[in-house]
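# Summary of the model geometry
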Amino acid sequence: MTNAIEMKNVSFSYDENLIIKKANVTISQGDFVGIIGPNGGGKTTFLKLIMGLITPNEGIIKIFNHSPKSERKNIGYVPQRINVDKEFPITVLELVLLGAISKIRPFGNIESQIKKRAFDLLEQMGILNLRKVSFNELSGGQLQRAFIARALLSDPDILILDEPTSSIDPKAEKMIFDLLLSFRGNKTILMVSHDLNTIITQVKSIISVQQTVQYRLPEEVCEHFAMGLYHVPLIKANKDHKKEKNT
Amino acid sequence: MMETLHALSSNPFLQIALLGGLLASIASGVMGSFVVIKRIASLSGSIAHSILGGIGFFYWLKYNHGQTWADPIYGAFLAGIISAFIIGWVHLRYKQKEDAAIAAIWSTGMAIGVIFISLIKGYKADFTSFLFGNILLLSTKHLLFLGVLDLVILLTTFFLYRYFVAICFDEEQSTMQDLPVTFLYFTLLGLISLSIVLLLQVIGIILVIALLTIPPTIAALFTGRLIKIMISSILLAIIFNTLGILFAYSLDIPPGATVAIICALSYVIVLIGKRFNCLKKRTFFSIF
């Protein structure tokens, strides 16, 4: 099977702080991967490296055997809700259409094919009736579904979701998971979540990001969580790195 | 008041001032909406204040070296574009240090202006009109310049509207979609600089942020659509400018400060109205 994502000895530092240390990851096409790790542990940096938004200081990243920058249009991204300006004046349909903005004319009528796909996705997400509503009027679950529709508009092969089910009701969470599971085998999915129970039961493989990037077995995740290792402060990890560097 | 109404039909200075206010309102309504939704008011304030450097330099060229072509408004235009590029570059490369860079450009630009002004020999009275604005001194040549800048702002915004919305909402998503984010961001900042230059004549460097941000902020309280915010902001700015100029003329007080006070008072009244549910969302701007 083709590798969707390949990372070889990838390190990334910001100023003096090492965020990702020598990551080696191989994710096959169609895999559903859960990403766990403490806050500030480097999960979002890990995702940004894959999306080509930042460049590693060391190592090589390949997306379908190409550089992340040349393949990033093939990645749909659902950001963390806390990073979104909820007051921004945009309707749900306008938000979804941003998912294919490079294919849309900057002015005038929107291409009918793209508009039709946006309508279909909104219907699939159960929010077609809200298309003309300002996005700041949506509930958490509706907002997340609108972002998933945006990520899917250009029909990407890789879907990356950063905590898509945080602070939403169980019904909306189930709907999102059912949808993601329906893509199993067709799309490569990377999902960051703090909900370890969901991660353990739903995804194929688990990666923990806490400066080092490691594959984990479900039982290992439970063990680490129980032992409190999941919450080892990053400051300590950075100190260890600096000490290692000096010696 | 009757005297002011009579002056409306007979005083060419007042007529030019009102026309200048109208042109400035178009630019402030359109670009001010982007400033408010992208939350870059302090960045725009930095551009506005750093413009003093260009004004001071061109004054110095004109009065100390006899360069008659060196109109200070062209200096403002040049300094605005340079500041926008520096700030844009800092934003894209060193996002975490953006605040400090904004403050540095703010004070450095003003410092350059102050030094050049201090070197000018003789009377410097009209320099204060750039600090506090004096639309009643607007000439037809300036009016033409403002008209051209307005046209540039409107045409560029029309052709790049969707892309501007995309980068204002989510720069990372726009980058992933391979939009030319750097070019678009610089263009947006360049247009904001142009609108600030337009507003300088009306309200002055120190008060420009009031006219740029208050009308869109009021409009955003009533609508969740950017295009409606823009149209409403233009209308509000026209009302604020016209009232400000007429009050200033009849009471013989500075027009820039009068416009800024009217903007601020209107915002307070709207906030109080909203607080006590006198003004409901979607009713005030439902005409669009």
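What counts, and where the lines are drawn
- Residues numbered from 1 in each chain as written.
- Chains lettered and ligands numbered in written order.
- Predicted model: local features only at pLDDT ≥ 70, side-chain atom pairs only at ≥ 80, totals over all residues.
- Helix = DSSP H or I, 4+ residues; strand = E, 2+ residues; numbered from the N terminus.
- Buried ≥ 20, exposed ≤ 12 C-beta atoms within 10 Å, placed from the backbone.
- Contact = placed C-beta atoms within 7 Å.
- Nonpolar A, V, L, I, M, F, W, Y, C, P; charged D, E, K, R; others polar.
- Expected span 1.5 Å × (residues − 1).
- Core = buried A, V, L, I, M, F, W, Y, C linked by C-beta atoms within 7 Å.
- pLDDT = per-residue confidence, 0-100.
- Pairing = 2+ DSSP bridges.
- Right-handed = clockwise from strand over helix to strand, strands pointing away.

### Observations regarding the environment of Leu-151 of chain B
Residue and element names in this part refer to chain B. Note on placement: Leu-151 falls in helix α7 (residues 140–169). The exposed category is assigned to Leu-151, around which 12 C-beta atoms lie within 10 Å. Expressed as a C-alpha distance, the spacing of Leu-151 and Ile-26, which sit 125 residues apart in the sequence, is 9.7 Å.

### Description of unusual backbone geometry
Positive phi is not limited to glycine here, since Gln-211 of chain A has a value of about 75°. Here Gln-211 of chain A lies in the loop between β8 (205–210) and β9 (212–216). A tally of 23 C-beta atoms within 10 Å means that Gln-211 of chain A is categorised as buried. Residue Arg-39 of chain B is not a glycine yet carries a positive backbone phi of 55°.

### Observations concerning the environment of Asp-31 of chain A
All names here are of chain A. Its location among the elements puts Asp-31 in the loop between β2 (17–28) and β3 (32–36). Each C-alpha atom, one on Asp-31 and one on Ile-189, is 6.2 Å from the other, the two residues being 158 residues apart in sequence. Residues within four places of Asp-31 in sequence aside, it is in contact with Thr-188, Lys-204 and Ser-205.

### Section: the interface of chain A and chain B
Each partner contributes to the interface: chain A provides 18 residues, whereas chain B provides 25 residues. Looking at side-chain class alone, the side of chain A that touches chain B contains 12 nonpolar, four polar and two charged residues.

### What about helix α4 (residues 112–124) of chain A?
Residue and element names in this part refer to chain A. With 13 residues, α4 should cover 18 Å at 1.5 Å per step; its first-to-last C-alpha distance of 18 Å lies within 8% of that length. Where the residues of α4 are buried, they touch α3 (92–97) and α5 (140–152). Once α4 ends, the next one or two residues include Gly-126, with phi positive near 75°.

### Re the nonpolar core
With 157 residues, the main nonpolar core has Val-96 and Ile-160 of chain A together with Ala-27, Ile-192, Leu-199, Val-208 and Leu-211 of chain B as its most contacted residues. Element by element, the count of residues in this core is highest for helix α9 (residues 181–203) of chain B, at 13 residues. For Ile-192 of chain B, the residues in contact, after removing those within four places along its chain, are Met-31, Phe-34, Val-35, Ser-44, Ile-47 and Ala-84 of chain B.

### Some words on the confidence of the model for chain B
In this model, chain B carries a mean pLDDT of 87, and residues with pLDDT of at least 70 account for 94%. Confidence scores differ between elements of chain B, with helix α1 (residues 2–10) of chain B showing the lowest mean pLDDT of 77 and helix α10 (residues 208–220) of chain B the highest of 94.

### What about the pairing of strand β7 (residues 188–192) of chain A?
For a regular strand, the rule is simple: side chains alternate between the two faces of the sheet. All names here are of chain A. Within β7, five of the five residues are buried, which leaves it mostly tucked inside the rest of the structure. Residues Thr-188, Leu-190 and Val-192 of β7 are buried on one face, and the alternating residues Ile-189 and Met-191, pointing to the opposite face, are buried as well. Here β3 runs beside β7; their pairing, made up of four bridges, is parallel. Bridged to Gly-34 within β7 is Met-191. With helix α6 (residues 170–182) bridging strand β6 (residues 158–162) and the parallel β7, this β-α-β connection has right-handed handedness.

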